[in-house]
Amino acid sequence: MMRYKTMENRSRMKRQVIFFLFLVSLLGLVSLLAPYLITNDPYTTNALYRKGPPNLTFPFGTDKLGRCIFSRVIMGTRTSVFSALMVVAVSLTTGTAFGIISGYYGGLLDRVIMGICDIFLAFPQMVLAIGVAGLLGGNMTNAILALTLTGWTSYARLSRGLVMTMKKETYISAARLSGSGNIEIMLEHIFPGIAGELIINATLQISAVMIGFAGLSYLGIGVSVPEAEWGSMISEAIGYMQQAPWAVMAPGAALFITVFVFQLLGDSLRDYFGVGRGRYE
Amino acid sequence: MKRYVSGRLLQLIPVLFGVTFLTFALLSLAPGDPVQKKLSAQGIAVTKDVLLETRKEMGLDRPWTLRYASWLFDLLHGDLGDSYKDGTPVAGRLVKAMKYTGILAISAFLLALVISLPLGIYGGIKKAGFLDRMIQLFCLAGYAVPGFLLAVLLIYLFCIRLKVFPIIAKGTVQGLFLPTLTLALPLASRLTRQVRASVLNQMEMEYVDGAKARGVLKPYILIFHILRNAMISILTVFGLSIGTLLGGSVVIENIFMWPGMGKMVMDSITARDYPVVQGFVLVMAVIYVIINLIVDISYHLLDPRLEEI
């Protein structure tokens, strides 16, 4: 049964979208300005104050090498936000390109591309990502590559489906009659029509990608050790959690908050525009 | 129905070819030499001669396409090869590990159901009350907590603060609790959201008013009408969650040292024990595709209105 959205409801949703956009841009700002926000150098070790509790110089305490956890968490924002946006942007563009081509031309090309999709979908995403990142060796580029390889299929399938319904529209035929070529039709008439839905789906995926990225780093196959990244910080500090719980809690809380904010932005966008994954998913 | 199932199973064959072929390609392209890993693990000094000799012994001097062909040939005879590391048959190790992952996944799912059904139903009936708000918060937070972070927090709470559970699970019943809880909580938050939404949705339906008007008892309506109709969307979430559950179990098993498939594959990747990785890939793909097929079939069993397949 359809419940009608009242005007009041709409404006509340709009306020939500704006609020979460504000929070997300705040996070973006933190990651951009990270080098100016930190209180200490995130890589300098301090032999005299190891596993130290939070104090005025070290707001979140120090880890086992005496490095400032606050500065490392702030620098980690950069790694996390940057890598997640990178993964989503690359898988969105490649996935959409394949999906549009597949849906537009159909036939053998469609079957080949969807066949490749099926191969990638024969695994849970995280399993595939762990496999690829583990085999290629742990560094940031490989982790991004692994998550992109697993992420593009959902955009390919989504855009293919959208294109298949859209290509029957009269305005596509009109464009063809007026002499537009295939590529022109795909770029100028089909792509703008499906871009909105794809972008909202991409926003919804950012948080999942962040979790995946941190998970890879936690397993030691994401960002390599000295680099400040929340997943690897947690994995490093879990060994001495008993003596210095702050070394786990600070990056953990940062990860949770960041993922949460992106998740809420995605949810509110989906509710506002009424598209994307099923309403009750 | 039979045609649909056999069709879906036939579709699996080209997928499995592709999956195993790509894995072979990836394994041969990946940095790291299994021979070197094996020799240094056994404490043998790695000289050029020894390296060449062992490589020949293991059949690794042949090009990978040829090795893929012979692997396929063995597979048709039910042989998944032997582990590079200790020479044990891969199939046996897989079966053992599958048992442990199966136990973990099933108990996590059951626990998630036990948590989410009452919470979801309560939230659906007493909409917008204080408890419902709390339940909704739990649902939202469940999305945003990465599995490994939850594991760390639970370890901190149960093993370090309360000291009631061992940190290392090692496949015992006691050790099952924490990994299960870690896997179940995020799943439960998804399911609760779904149950709540479908109960809310179904309550507005006219058949519910009709049943009430006929004097059917409320608990009866809830269980036999509302929940039955809600099952379909719950099943959808379950289907969507299988991937997350299996993927999550890889991470969780490694944290708690639970001897399942995820632990096995991580160890094998580090040790470059390729036959085990290869076998894992095959089995995982088959399991995943078949579970999805079962979910699809049960839609039709639960909702006779759907097209006959």
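An unreviewed UniProt entry lists chain B under the name Nickel import system permease protein NikB, with Lacrimispora algidixylanolytica as the source organism. The UniProt entry for chain B carries this comment under Subcellular location (unreviewed entry): "Cell membrane". UniProt, in the comment section headed Sequence similarities (unreviewed entry), describes chain B in these words: "Belongs to the binding-protein-dependent transport system permease family. OppBC subfamily."

Q: Can you break down the nonpolar core residue by residue, with the values?
A: Formed by 165 residues in total, the largest nonpolar core has its most connected members in Ile130 of chain A together with Phe280 of chain B. By residue number, the principal contributor to this core is helix α10 (residues 218-256) of chain B, which donates 17 residues. Of the residues that make up this core, three or more belong to each of domain 1 (2-76) and domain 2 (90-302) of chain B. Discounting residues that sit within four places of it in the chain, isoleucine 130 of chain A has contacts with Leu216, Leu219 and Ile221 of chain A together with Val250, Val251, Met266 and Ile269 of chain B. Ranked by size, the runner-up nonpolar core spans seven residues in total, among them Phe70, Ile74, Met75 and Ala228 of chain A.

Q: Tell me about the interface of chain B and chain A, and name the residues and values.
A: Interface size is commonly expressed as the accessible area that is lost once the parts come together. At the junction of the two partners, chain B supplies 46 residues and chain A supplies 41 residues. When the two sides are added together, the surface that chain B and chain A hide from each other amounts to roughly 4000 Å², 78% of it contributed by carbon and sulfur. Here chain B is connected to chain A by one salt bridge. Residue arginine 193 of chain B is joined to aspartate 267 of chain A by a salt bridge in which the shortest nitrogen-to-oxygen separation is 3.5 Å. Joining chain B to chain A, the criterion identifies one residue pair in polar contact (both at pLDDT 80 or more). When residues in the side of chain B that touches chain A are grouped by element, the largest group, eight residues, is from α10 of chain B. The residue makeup of the side of chain B that touches chain A, split by class, is 36 nonpolar, six polar and four charged.

Q: Can you tell me about the domain arrangement of chain B, naming the residues and giving the values?
A: Residue and element names in this part refer to chain B. Taken as a whole, chain B is organised into domain 1 (2-76) and domain 2 (90-302). Each of domain 1 and domain 2 has a C-alpha centre, and the two are 33 Å apart. Approximately 1600 Å² of surface area, both sides summed, lies buried where domain 1 meets domain 2, with 75% of it carried by carbon and sulfur atoms. Inspection of the domain 1/domain 2 interface yields zero salt bridges. The tally of links between domain 1 and domain 2 comes to one residue pair in polar contact (both at pLDDT 80 or more). Among the elements of the structure, α1 (2-29), α2 (34-42) and α4 (64-76) are those that each provide at least two residues to the side of domain 1 that touches domain 2. The biggest single contributor to the side of domain 1 that touches domain 2 is α1, with eleven residues. Each residue belonging to the side of domain 1 that touches domain 2 can be placed in one class, and the counts come to 13 nonpolar, three polar and two charged.

Q: Talk me through helix α7 (residues 147-161) of chain B; I want residue IDs and the actual numbers.
A: With 15 residues, α7 of chain B ought to run about 21 Å at 1.5 Å a step, and its terminal C-alpha atoms sit 20 Å apart, in line with that. The buried fraction of α7 of chain B amounts to eleven of the 15 residues, a majority that puts the element mostly inside the structure. All of the buried residues in α7 of chain B are Phe148, Leu149, Leu150, Ala151, Val152, Leu154, Ile155, Tyr156, Phe158, Cys159 and Ile160 of chain B. Of the surrounding secondary structure, the elements contacted by the buried residues of α7 of chain B are α8 (182-218), α9 (230-237) and α10 (246-273) of chain A together with α8 (173-203) and α10 of chain B. Directly beyond the C-terminal end of α7 of chain B, a positive phi value near 55° is found at lysine 163 of chain B.

Q: Give me the lowdown on the pattern of salt bridges, citing residues and values where you can.
A: Enumeration over the complete set of coordinates arrives at eight salt bridges over all chains. Where salt bridges share partners, they join Asp267, Arg270 and Asp271 of chain A together with Arg193 of chain B into one cluster.

Q: Hey, could you go over the confidence of the model for chain A for me, with residue numbers and the actual values?
A: Residue and element names in this part refer to chain A. The predicted model of chain A averages 83 in pLDDT, with 94% of residues at 70 or higher. Mean pLDDT in chain A bottoms out at helix α2 (residues 34-37), which sits at 80, and peaks at helix α3 (residues 69-105), which reaches 90. Contacts from residues 276-281, a stretch scored under 50 in pLDDT, to residues over four places away or in other chains number 17 contacts.

Q: Which residues make up empty space enclosed by the protein, and what values do they have?
A: Residues and elements named next belong to chain A. Under the definition given, this model contains one cavity of 30 Å³ or more. In this structure, the largest cavity spans a volume of roughly 60 Å³. In terms of lining, the largest cavity is formed by Asp63, Arg67, Ile69, Arg72, Met233, Glu236, Ala237, Tyr240, Ala247 and Pro251. Elements with a minimum of two residues in the lining of the largest cavity: α3, α9 and α10. For the lining of the largest cavity, the residue count by class is six nonpolar, no polar and four charged.

Q: Which residues make up unusual backbone geometry, and what are the values?
A: Residue and element names in this part refer to chain B. In the Ramachandran plot, methionine 257 falls in the positive-phi region, its phi being about 55° despite a non-glycine side chain. Its place among the elements puts methionine 257 in the loop between α10 and α11 (261-271). Non-glycine residue arginine 272 carries a positive phi angle of around 55°. By secondary structure assignment, the location of arginine 272 is in the loop between α11 and α12 (274-302). When its relative accessible area of 8% is taken as the criterion, arginine 272 is described as buried.

Q: Help me get a handle on the UniProt feature "transmembrane region" (unreviewed entry) in chain B, residues and values and all.
A: Here, the residues flagged by UniProt with the feature "transmembrane region" (unreviewed entry) are residues 12-30, 103-125, 137-158, 164-188, 232-256 and 276-295 of chain B. Between the first and last C-alpha atoms of residues 137-158 of chain B the distance is 23 Å; the span itself is 91% helix and 0% strand.

Q: Tell me about the packing of aromatic side chains, and please be specific about residues and values.
A: Tallying each qualifying case throughout the model produces 15 aromatic pairs over all chains. On the numbers, 5.2 Å between centres and 20° between planes, the contact of phenylalanine 256 of chain A with phenylalanine 260 of chain A is stacked. Residue phenylalanine 256 of chain A and its partner phenylalanine 260 of chain A are both found in helix α10; the two are separated by four residues, about one turn of the helix. The exposure class of phenylalanine 260 of chain A is buried, given its relative accessible area of 18%. Centre to centre, the rings of phenylalanine 21 of chain B and tyrosine 68 of chain B are 5.4 Å apart; their planes meet at 75°, and the pair counts as edge-to-face. Within this pair, whereas phenylalanine 21 of chain B is found in helix α1, its partner tyrosine 68 of chain B is found in helix α4, the two being separated by 47 residues in sequence. Overall, phenylalanine 21 of chain B belongs to the partly exposed group, its relative accessible area being 37%. Taken together, Phe21, Phe24, Trp64, Tyr68 and Trp71 of chain B form an aromatic cluster joined through their ring pairs.

Thresholds, definitions, all that
Residues numbered from 1 in each chain as written. Chains lettered and ligands numbered in written order. Predicted model: local features only at pLDDT ≥ 70, side-chain atom pairs only at ≥ 80, totals over all residues. Heavy atoms only, no water. UniProt positions renumbered as here; feature names shortened; annotations may be inferred. Core = buried A, V, L, I, M, F, W, Y, C linked by side-chain atoms within 4.5 Å. Buried < 20%, exposed > 50% of the residue type's maximum accessible area, 1.4 Å probe, protein only. Helix = DSSP H or I, 4+ residues; strand = E, 2+ residues; numbered from the N terminus. Domains from an automatic or database assignment. Contact = heavy atoms within 4.5 Å. Buried area = accessible area lost by both parts, 1.4 Å probe. Salt bridge = Lys/Arg side-chain N within 4 Å of Asp/Glu carboxyl O. Polar contact = N/O pair within 3.5 Å; in protein donor to acceptor, adjacent residues only side chain to side chain. Nonpolar A, V, L, I, M, F, W, Y, C, P; charged D, E, K, R; others polar. Expected span 1.5 Å × (residues − 1). pLDDT = per-residue confidence, 0-100. 1 Å grid on protein atoms, 1.4 Å probe; cavity = no way out; pocket = protein on both sides within 12 Å on 5 of 7 lines; lining within 4 Å. Points joined across faces, edges and corners; volume = space filled by probe spheres on them. Phe/Tyr/Trp six-rings, centres within 6.5 Å; stacked < 30°, edge-to-face > 60°.

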